[in-house]
Amino acid sequence: MAEFEKKVREILRQNKCSFVRRGKGDHDIWFSPITGHHITVDSKIKSRHTANAIMKQSGINHKF
């Protein structure tokens, strides 16, 4: 099964999104300057649907 967390974090960094803090459990909070919103990113993303939802929430036009 594919793991998407490294790819998602790399794409977020390339698009100037910044890590804000650790969240509850194994989640991280990121800030997207594109949308001006905070995004919750799980540390174990195993579904491409979840990865695509994070990209959509961050305002980045990327599909897995």
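Remember, it's a predicted structure, so these values are computed and weren't measured experimentally.

**Quick notes on the environment of Phe31**
Looking at the secondary structure, you find Phe31 in strand β2 (residues 27-32). Taking the C-alpha atoms as reference points, Phe31 and Phe19, 12 residues apart in sequence, are found 6.5 Å from one another.

**Quick word on the packing of aromatic side chains**
Inspection of the entire model under this criterion finds two aromatic pairs. With 5.3 Å between their ring centres and 65 degrees between their planes, Phe4 and Phe64 make a pair best called edge-to-face. Taken as a pair, Phe4 in the segment before α1 (5-14) and Phe64 in the segment after α2 (48-58) lie far apart in primary sequence, 60 residues in all. Aromatic side chains Phe19 and Trp30 sit 6.0 Å apart centroid to centroid with 80 degrees between the ring planes, which places their arrangement in the edge-to-face category. Of the two residues, Phe19 is situated in strand β1 (residues 18-22) and Trp30 in strand β2; the sequence distance between them amounts to 11 residues.

**Here's the deal with unusual backbone geometry**
Residues other than glycine predominantly adopt negative phi, and peptide bonds predominantly adopt the trans conformation. For Lys16, which is not a glycine, the phi torsion comes out positive at approximately 70 degrees. Looking at the secondary structure, you find Lys16 in the loop between α1 and β1. Judged by relative accessible area, which is 65%, Lys16 ranks as exposed.

Rules used in this analysis
- Residues numbered from 1 in each chain as written.
- Predicted model: local features only at pLDDT ≥ 70, side-chain atom pairs only at ≥ 80, totals over all residues.
- Heavy atoms only, no water.
- Helix = DSSP H or I, 4+ residues; strand = E, 2+ residues; numbered from the N terminus.
- Phe/Tyr/Trp six-rings, centres within 6.5 Å; stacked < 30°, edge-to-face > 60°.
- Buried < 20%, exposed > 50% of the residue type's maximum accessible area, 1.4 Å probe, protein only.

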